[in-house]
Amino acid sequence: MKKRRTTYFGERSTTWMAKDGNVPCSPSSVPHDPPHVRVPTTPGHKSQDMSSKKRVSYFYHGDVGHYYYGPGHPMKPHRLKLTHHLVLGYGLYRKMEVYRPHIATTQELQKFHSQEYVNFLSRVNPDMGRTLSSSVHSKFNVGEYTDCPIFDGMMEFCKIYTGCSIDGAQKLNHKITDVAVNWSGGLHHAKKGEASGFCYINDIVLAILELLKYHPRVLYIDIDIHHGDGVEEAFYCTDRVMTVSFHRYGDFFPGTGNIKDVGAKNGKYYSVNVPLEEGIDDASYERVFRPVMAKVMEVYQPSAVVLQCGADSLSGDRLGCFNLTLRGHAKCVEMMKGYNVPLLILGGGGYAIRNVARCWAFETSVLLEEEVSDEIPRNDYYDYYAPDYKLHLPPGTTENQNSTEGLEAIKVQILQQLSQIPGAPSVQMQEVPPDWATNERGGGEDEEDPDVRSSNRNRFGGERREHEAEFYDGGKDQDR
Ligand code: V1D
Ligand code: CA
């Protein structure tokens, strides 16, 4: 049975403008870029410039790696701690702004998710989870022994990773950074009123909604091996967001993402699906990714890009079956960075946790244009990288079932679909809603202490810059 789509947008394209009457996305009101950021000299972003250093902001909360989905579950938040410690071990924190995020409030989550669903997630606990009626279980798609178990601190976990993504979007909106990175985000399967595929709250949709306050067109790209169904569904009927997902298609979770699914109503041709077979290697992936994304950038001309970097598309993943190396995966990041458009970088899936950490630490270095050694640096989790203690992965052995002709046919079909787009859509202007940070967050039920908040948060995102001494956590966690 075909599921009804819970799209966020109706048919009309609108954007917002600031209370003072400025139109944040009109060229005349855009502040000058700092001198070290090169902007294209021609309208649009047709050409790539691979060599302009960017201001990078990195969002991390020290508790995010402590949550546990349960025994036997492949999703291990501990991988986020491994990633962070590898980033620290390489000294990359010295080259970027490191922020601790605000904790997203239930009101913020309800900007996309239904009140009923958010209330349910807020109330439920693991003990209740064991006795949930089958109707509640099937309504919200959570429960014991499912993809989405109810685990201790589940809602706090969601609020942490979502806070990071929203904060990143706000830093981009206010031009405080060129690139915002949240490796704990990217949970692309969550729907308006139900959990799916290890995802409960869709931080991506919420971050895109934040970007839409200032950006007329937002591009979402998804290189997780799974189809980015939750994000596609949310924006299926609008041209304000273009979604592009590269994924394994055919008897593979979640089963959506047919090449013929192109969007509907105002969003027709603004959803792009690139179905791939197992075993795809770096060269084959680039042969599709590069021309498709070049065409997307040419016809859509987004003013902000969100890139979900699920690491389950790497060779050797426990759930995935692609054959990408770190270099092939990171090439996508490098390419999108080269377009010089504000960029939100998110995590996603990834189930060989050492490789996830290798991948995202390497991609952090690529974003910073800092070379890193193939020798894993000393860090709290150094032993995890035995026996070779190398950063880069050996090439996988899975056979590439994507023929050159098959990939060419996919590319041609997608370029043809993209050529149906008349040109970058313009938008009507309305008043911009305030940052959730400044208005709606204040005094919310989730505030730990409103007095503390006002004294150590800035006027844009509510984040607090970490002191370098706070980066290192003592002790070693279990690989769980
Ligand atoms: F192997 C498992 C063990 C325990 C619990 C779940 C799994 C498991 C493996 N693969 N679950 C899956 C996928 N689910 C199914 C279900 C069978 N049907 C009833 C559904 O095949 C879900 C895979 C989720 C992938 C998530 C993701 O990598 O895309 C991701 N991205 O961001 C966050 C997660
Ligand atoms: Ca994908």
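Since this is a predicted model, take the numbers as computed values, not measurements. (Residues numbered from 1 in each chain as written. Chains lettered and ligands numbered in written order. Predicted model: local features only at pLDDT ≥ 70, side-chain atom pairs only at ≥ 80, totals over all residues. Heavy atoms only, no water.)

In the vicinity of ligand 1, 21 residues are found, and the nearest of them are D147, H188, H189, D312 and Y351. The separation between an oxygen atom of ligand 1 and a polar side-chain atom of H188 is 2.8 Å. Surface burial for ligand 1 is 65%, taken as the share of its 740 Å² of free accessible area covered by protein chains. Classifying every residue of the shell around ligand 1 gives eight nonpolar, 10 polar and three charged. (Near = heavy atom within 4 Å. Polar contact = N/O pair within 3.5 Å; in protein donor to acceptor, adjacent residues only side chain to side chain. Areas by Shrake-Rupley, 256 points an atom, 1.4 Å probe, with all protein chains shown as cover. Nonpolar A, V, L, I, M, F, W, Y, C, P; charged D, E, K, R; others polar.)

Here we take up helix α7 (residues 203-211). Counting buried positions along α7 gives nine out of nine residues, so the element sits mostly inside the fold. Among the residues making up α7, those that are buried are D203, I204, V205, L206, A207, I208, L209, E210 and L211. The opening residue of α7 is N202, an N-cap whose side-chain oxygen sits 3.1 Å from the backbone nitrogen of I204. (Buried < 20%, exposed > 50% of the residue type's maximum accessible area, 1.4 Å probe, protein only. Helix = DSSP H or I, 4+ residues; strand = E, 2+ residues; numbered from the N terminus.)

Let us now look at the UniProt feature "binding site: substrate" (unreviewed entry) in the chain. Here, UniProt's "binding site: substrate" (unreviewed entry) annotation points to D147, G197 and Y351. Spatial clustering of the annotated residues is evident: they stretch over 205 residues in sequence, but the largest pairwise C-alpha distance comes to 13.7 Å. By the secondary structure assignment, G197 is in the loop between β4 (179-182) and α7. Setting aside residues up to four positions removed in sequence, G197 forms contacts with D147, C148, H189 and F253. Of note, Y351 is situated in the loop between β9 (343-346) and α11 (353-368). If near-sequence neighbours (up to four positions away) are discounted, Y351 is found in contact with P74, M75, F198, D312, D317, R318, L319 and V356. (UniProt positions renumbered as here; feature names shortened; annotations may be inferred. Contact = heavy atoms within 4.5 Å.)

Applying the stated criterion across every chain yields a total of 20 aromatic pairs. Measuring from ring centre to ring centre gives 4.5 Å for Y382 and Y389, while their planes differ by 15°; the resulting arrangement is stacked. Its relative accessible area of 24% is what places Y389 among the partly exposed residues. Through a chain of ring-to-ring contacts, the aromatic side chains of Y67, Y69, F151, F157, Y161 and Y200 assemble into a single cluster. One Lys or Arg, K171, reaches over the ring of Y99 and ends 4.6 Å from the middle of that ring. The aromatic ring of Y382 is capped on one face by R378, whose charged end is 4.0 Å from the ring centroid. (Phe/Tyr/Trp six-rings, centres within 6.5 Å; stacked < 30°, edge-to-face > 60°. Lys NZ or Arg CZ within 6 Å of the ring centre and 35° of its normal.)

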